Amino acid sequence: MSITEQALVRWARRNFQQLGLRARAALCQLPLVASVLAAPLAMPAEWTRAGERPLFLAGLLLLVAATAACFAIPWDSLPPNALLAVPIQDFVAIGLLNQGSVDGLRGLGALSIIPVIWIAASMPSTRTALALSLAGPVFIALPAMIEALVGFRSTGLGDALLLPPLLLTVAVAVRAARAGLTIQERQLRAQQARLQKLLVESQSTERLLTTLLDAVNVGIVAVGPDARPIRSNRRFRELAAESGWSMPGVEGNASAGLDLYARDRRTPLTPEQLPLCRAAAGERINDEIVWLGRGSDSRALSVVARPVEGPEGGAVISFGDVTALAGAVEDKAELVRTVAHEFRSPLTAVLGNLDLVLESASLAPEDRWRLDVAQRSAERLIELAADLAVSSPDTLAVRLEAAELCAVLTARADAARLSAAAAGVQLDADLQEPLWVRADPLRVGQAVDNLLSNAIKYSPDGGTVQLRAAQRDGWVTVEVSDRGMGIAAGEQGRVFERFFRTAEARRSEIPGVGLGLALTQWIAERHGGRLEVESEPGRGSVFTLLLPVHGPGLA
Ligand code: ADP
């Protein structure tokens, strides 16, 4: 049976079972009544003589009585098998009609297929159903068989012999179909129960998840591959509403109404820079700060995004409100700037006076040596104060001009060789001329100083430091490599943060404050370049400063 047929049968059964027993009985009985009434149309001549036969009339009356019983008797209040009295009565009626009919109407016995189907389809016990389905047709065919045997006539014997086994086969087929349907229905009901259970479970998980998501104080939003929000928690909707951020996606544009700014709080994010779009494109974002809104009500949000694994794609993005923390960090930076600024004047005065004293020819050599140490320390302090005063790339004073870097790099390498020799480190330089850039030579020198001094400082067991510079693919690359302690993979991303020092550097008690690389990176950024690191713990590190090529002809 095809799926459509099965569905049709199930639909018919369902609707049939919804009917009352009276209606069902009437529906089963009507085909038989209709067939008997159709007989006069098929053989009008034979039918006119039918009234003369008492058996025929008795059959008709019994059929009418059985049909009336279908409608009149309250079957619902009787035992379920009571209704089977009607098809049994039908067998008797068909037997009488068949027996009492003229020869032309003898085929009426075949109508017993209707009560056979009725019994086979509705009787609970298979044995009883099959026994009745055989007994009924045998009862109908028996007179014809006896007539044939007694009168030694073979007319009608074939039909009479064929009827019972034929109808028994029909009953068996109906029972088999009924059994198949019952099994299917049972399976369907079990499947429905399982689905219902799953539905209840998933609804409860859904409620739990919603409560969990709404309980956290972090805005969370899930977006599809087109960057449109699919689902969000209470905090995210609050953030969106507070900033007048109409939920993007509803209007069909993921960036509609977004009011996000970069870390500097001034530069609006372009649609491609928006966390929702970047995350939807598969980018993983780790604790990146963006600002929502401008002015005093703006909020600093720490963004984390992870792509959804699987064919459906999309991503989940969380927005943690770190406005208070960002404010505290800004206050700290401001304090550091102010303190650094205040240090400069007294230190300049110290250095000026030291200079004057050192100019005196009457100084004893030991005093001169001590004053030299004091001067170098004061100079170092002034440099540190200058580094501390820089709080972002924007506050870094840079004067760009067309410059060839070889001379700058050679001078820095020569200067670093002294401290390299003192630390037992060999410093090699390999510079490929020319290295034209648009740069501030002082700042680039400062950046290279930082990289070289780090390479020497973090190679406590000696070794070799190499300074290489070359021009390729539109970039001037200045590479400083060492074979020192290296940096653990988890810390490489953080060495450019202000005041960050690796665990190994702290453990080794190598002096430092964690400002040099942050400053070097800012110098690179102010030149339109970048600073990269590759490192392996225990094997060494390579820091590469990349600056865009800018030949004198292009300047
Ligand atoms: P500082 O050297 O003053 O601590 P930096 O900003 O120059 O600060 O460097 C930050 C941190 O990066 C250092 O404390 C050190 O842990 C690590 N680091 C920098 N350069 C190297 C290097 N060449 N080898 C190993 N670790 C390094």
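Residues numbered from 1 in each chain as written. Predicted model: local features only at pLDDT ≥ 70, side-chain atom pairs only at ≥ 80, totals over all residues. Heavy atoms only, no water.

### Some details on helix α11 (residues 323-359)
What counts, and what does not: Starting at the N terminus, helices and strands are each numbered in turn, a helix being any DSSP run of H or I of at least four residues and a strand any DSSP run of E of at least two. The span one expects for a helix is its residue count, reduced by one, times 1.5 Å. Throughout, the bend at a residue refers to the angle made by two axes, fitted to the seven residues ending there and to the seven starting there. For this analysis, residues touch if any pair of their heavy atoms sits within 4.5 Å.
Given a rise of 1.5 Å per residue, 37 residues ought to cover 54 Å, and the 53 Å separating the end C-alpha atoms of α11 matches this to within 8%. Of all the bends in α11, the greatest reaches close to 25° and is centred on R344; the proline P346 follows between one and four positions later. Looking at the buried side of α11, the elements it contacts are β4 (285-292), β5 (299-307) and α12 (365-389).

### Brief notes about the side chain of Q492
Stated formally: Any residue under 20% of the maximum accessible area for its type is buried, any over 50% is exposed, and the rest in between are partly exposed; the area is computed with a 1.4 Å probe on protein chains only. N or O atoms within 3.5 Å of each other form a polar contact, as long as, within protein, one can give a hydrogen and the other can take it, and as long as residues adjacent in sequence are counted only when both atoms are side-chain atoms.
Relative to the helices and strands, Q492 is located in helix α15 (residues 489-492). Of the residues examined, Q492 reaches a relative accessible area of 18% and is grouped as buried. Here S535 takes part through its backbone oxygen, which lies 2.9 Å from a polar atom of the side chain of Q492.

### A look at the layout of surface pockets
The condition is simple: Using protein atoms alone on a 1 Å grid, points that fit a 1.4 Å probe yet trap it form a cavity, whereas open point sets bounded by protein on both sides within 12 Å along at least five of seven lines form a pocket; residues with an atom within 4 Å of a point count as lining. Grid points are joined across faces, edges and corners, and a volume is the space filled by probe spheres set on the points. In this count, Pro and Cys sit with the nonpolar residues alongside Ala, Val, Leu, Ile, Met, Phe, Trp and Tyr, while Asp, Glu, Lys and Arg are called charged and the others, Gly among them, polar. Here the bounds of each domain stem from an automatic or database domain assignment.
Approximately 1,300 Å³ is the volume found for the second largest pocket. Taken together, 45 residues form the lining of the second largest pocket, with D449, N450, S453, N454 and K457 sitting closest to its centre. Counting residues per element, the ones that place at least two in the lining of the second largest pocket are α12, α13 (405-422), α14 (441-457), α17 (516-526) and β13 (540-548). Broken down by element, the lining of the second largest pocket gets its largest block of residues, 13 residues, from α14. Residue composition of the lining of the second largest pocket, grouped by class: 24 nonpolar, 12 polar and 9 charged. Domain assignment of the residues forming the lining of the second largest pocket places at least three in each of domain 3 (330-389) and domain 4 (395-548).

### Some details on the packing of helix α5 (residues 85-100) against helix α6 (residues 113-122)
Filter applied, for reference: Throughout, an axis means a line fitted to C-alpha atoms (over the contacting stretch in the case of helices), and angles, computed between N-to-C directions, take values from 0 to 180 degrees. Oblique is the label for any angle not covered by the other classes, which are roughly parallel (under 35 degrees), roughly antiparallel (over 145) and roughly perpendicular (65 to 115). Note on convention: the crossing is left-handed when the near helix lies turned anticlockwise from the far helix by less than a right angle, right-handed when the turn is clockwise.
Between α5 and α6, whose axes approach to 9 Å, the crossing angle comes to 160°. With respect to α6, the axis of α5 lies roughly antiparallel. When you trace α5 past α6, the crossing you get is left-handed. Contacts between α5 and α6 involve V86, P87, D90, F91 and I94 from the first element and P115, V116, W118 and I119 from the second.

### Regarding the site of the ligand
Condition: Residues are classed as near a molecule or strand on a simple rule: at least one heavy atom within 4 Å of it.
Near the ligand lie 21 residues; those nearest to it are N454, Y458, R501, T502 and L517. Interatomic distance of 2.9 Å between a side-chain N/O atom of D482 and a nitrogen atom of the ligand. Contact distances for the ligand include 2.6 Å between an oxygen atom and a side-chain N or O atom of R501. The set of elements that each furnish at least two residues to the shell around the ligand consists of α14, α17 and β13. For the shell around the ligand, the element with the highest residue contribution is α14, accounting for 3 residues.

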